[in-house]
Amino acid sequence: MTRIYVKLIGSAVLWGGTWVAGRILGRYMGPFSAAFLRFALASAFLVFLTARLEGGLPRLTRANFPWLLALAATGIFAYNALFFAGLRTVPAGRAALIVAAIPAVVALFSAIVFKERFTPLKMLGLALSFGGVGLIVSDGDPGRLLASGLSAGDACIFGCVATWAAYTLIGKKAMERVAPYGAVAWSCILGAAMLLPPALATGLWPDLRTAGPVAWGCLAFFGVLATGFGFSWYYEGVKAIGPTKAGVFINLVPVVAVFLGWLMLGEPLSHALALGGICVLSGVWLTNRRAKPAESR
């Protein structure tokens, strides 16, 4: 079990590192070029991984294609275009803590779309998460946020929250038709195909010509380490100890991102960032807390 826990921590570290890698990569190429190259590499790795774990890619059918296309449009195309655009101006740690509110948003929309029960405790968790995000975005001064509004970079990161929440909810239906690795692999392949035209239109070839070792290193990190090994290690943990216990390790991702942003990029650590991060993670925990047997009855 030690090996499983080490792998779960490793996946959280790799995913936390994507925020720093994205911030660095944004210095070398445009958001569509970065997103396309990330998922072109990730698709090749995931095809290999799916073949090894599930016997190959599932066949596209009229029943599963619309769901896989919706996954690609939300979680791959839209999320990653917004991810790389936002990280051009938003510090890695701050962006990761905003996105950490996704589980609370998913819980809210699950209650609306799938009629899942939304208890007072979940409402408190949602309010705490949103309050934490407000503290982070306003740097502890909500009045200034109301006066000046969101920056373009912050708006992109909020777009990441919305698109990934949609990806998660669509995935709930897609996984009824396609096995998990097959669904992820196809969403990456279709998402990369969607990203190619805007990447070509916004300078993919010039970006490829000028990309140096640092840019290619970041892309390899995204495609092979964070996507390939990160996902496979995480799903090994889910298989060994269950989704509830494995999911706890995802809360390490924004903590790692904040630490690596401070260590590698010199991003400041403020009281508002720390307090807002605690509120977000506490709210996510409350929102996704399982009811006790008595409460369930």
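Every chain begins its residue count from 1, and numbering advances along the sequence as written. In keeping with the model being predicted, local features are shown solely for residues with a pLDDT of at least 70 and side-chain atom pairs are shown and tallied solely at 80 or more, while totals for entire chains, interfaces and linings include all residues. Computation of side-chain values: all heavy atoms of the structure, hydrogens and water removed.

(A) Spatial organisation of the overall build of the protein chain. Note on conventions: DSSP H or I runs of at least 4 residues are helices, E runs of at least 2 residues are strands, and numbering of each starts at the N terminus. Of the regular secondary structure elements, the protein chain holds 15 helices and zero strands. Compactness check: the protein chain gives a C-alpha radius of gyration of 19 Å against a globular reference of 19 Å for 297 residues, within 12% of the reference. For the C-alpha atoms alone, the extent of the protein chain along its principal axes is close to 50 × 45 × 40 Å. Out of the 297 residues belonging to the protein chain, those deemed buried represent 49%. Carbon and sulfur atoms provide 70% of the accessible area of the protein chain, an area that totals close to 14200 Å². If you average the places of the 24 positive and of the 10 negative side-chain charges in the protein chain, the two averages end up 8 Å apart. In this description the radius of gyration comes from C-alpha coordinates, and the expected globular size is given by 2.2 Å times residues to the power 0.38. Using a 1.4 Å probe on the protein chains alone, a residue whose accessible area is under 20% of its type maximum counts as buried, one over 50% counts as exposed, and one in between counts as partly exposed. Here the Shrake-Rupley method, with its probe set to 1.4 Å, supplies the accessible areas, and only the displayed protein chains count as covering residues. Just so you know, the count uses Lys and Arg for positive and Asp and Glu for negative, and it drops His and the chain ends. Charged side chains are reduced to one point each, which is NZ for Lys, CZ for Arg, CG for Asp and CD for Glu.

(B) The arrangement of the nonpolar core in detail. Buried Ala, Val, Leu, Ile, Met, Phe, Trp, Tyr and Cys residues form a nonpolar core when they are joined through side-chain atoms within 4.5 Å. Trp 19, Leu 25, Met 29, Phe 83 and Val 99 are the most contacted members of the largest nonpolar core, which totals 83 residues. In what follows, residue pairs with any heavy atoms lying within 4.5 Å of each other are defined as contacts. Not counting residues up to four positions away in its chain, the partners in contact with Met 29 are Ala 34, Leu 37, Arg 88, Asp 207, Ala 211, Ala 215 and Leu 219.

(C) Broad picture of a nonpolar patch on the surface. Exposure above 30% relative accessible area and no salt bridge define the residues that can form patches, which grow by joining like charges within 9 Å and nonpolar side chains of Val, Leu, Ile, Met, Phe, Trp and Tyr within 5 Å. When a carboxyl oxygen of Asp or Glu is within 4 Å of a side-chain nitrogen of Lys or Arg, the pair counts as a salt bridge. There is a patch of nonpolar side chains on the surface, built from Phe 259, Trp 262, Leu 263, Met 264 and Leu 269 and spanning about 550 Å² of accessible area. In this structure Phe 259 comes out as partly exposed when scored by relative accessible area, which is 46%.

(D) Layout of helix 5 (residues 102-113). In this analysis, the expected span of each helix is defined as 1.5 Å times one less than the number of residues it contains. The first and last C-alpha atoms of helix 5 sit 16 Å apart over twelve residues, in line with the 16 Å expected at 1.5 Å per residue. Contacts from the buried residues of helix 5 go to helix 4 (92-99), helix 6 (120-138), helix 8 (152-174) and helix 14 (271-287). Downstream of helix 5 by a residue or two, Lys 115 has a phi angle that is positive, lying close to 60°.

(E) How the structure looks around the packing of aromatic side chains. For Phe, Tyr and Trp, rings pair up if their centres lie within 6.5 Å, where Trp contributes its six-membered ring, and each pair is then called stacked (planes under 30 degrees apart), edge-to-face (over 60) or tilted (otherwise). Counted by the stated rule, this structure contains 13 aromatic pairs. Between Phe 83 and Phe 222, the ring centres sit 6.2 Å apart and the planes meet at 85°, which makes this aromatic pair edge-to-face. Linking Phe 83 in helix 3 (residues 65-86) with Phe 222 in helix 11 (residues 213-241), this pair joins segments that are 139 residues apart in sequence. Across this residue pair, the class does not change: Phe 83 and Phe 222 are buried. Judged by centre distance (4.5 Å) and plane angle (35°), the ring pair of Trp 164 and Tyr 167 falls under tilted. Of this pair, Trp 164 and Tyr 167 both sit in helix 8, separated by three residues, roughly a single helical turn. Connected via pairs of aromatic rings, a cluster forms that spans Trp 19, Tyr 79, Phe 83, Phe 84, Trp 164, Tyr 167, Phe 221 and Phe 222. Charges are assigned to positions over rings by a cutoff of 6 Å between ring centre and Lys NZ or Arg CZ, combined with an angular limit of 35 degrees from the ring normal. Between Arg 38 and the ring centre of Phe 83, over which it is positioned, the NZ or CZ distance is 5.9 Å.

Shape descriptors only; they carry no functional weight alone.
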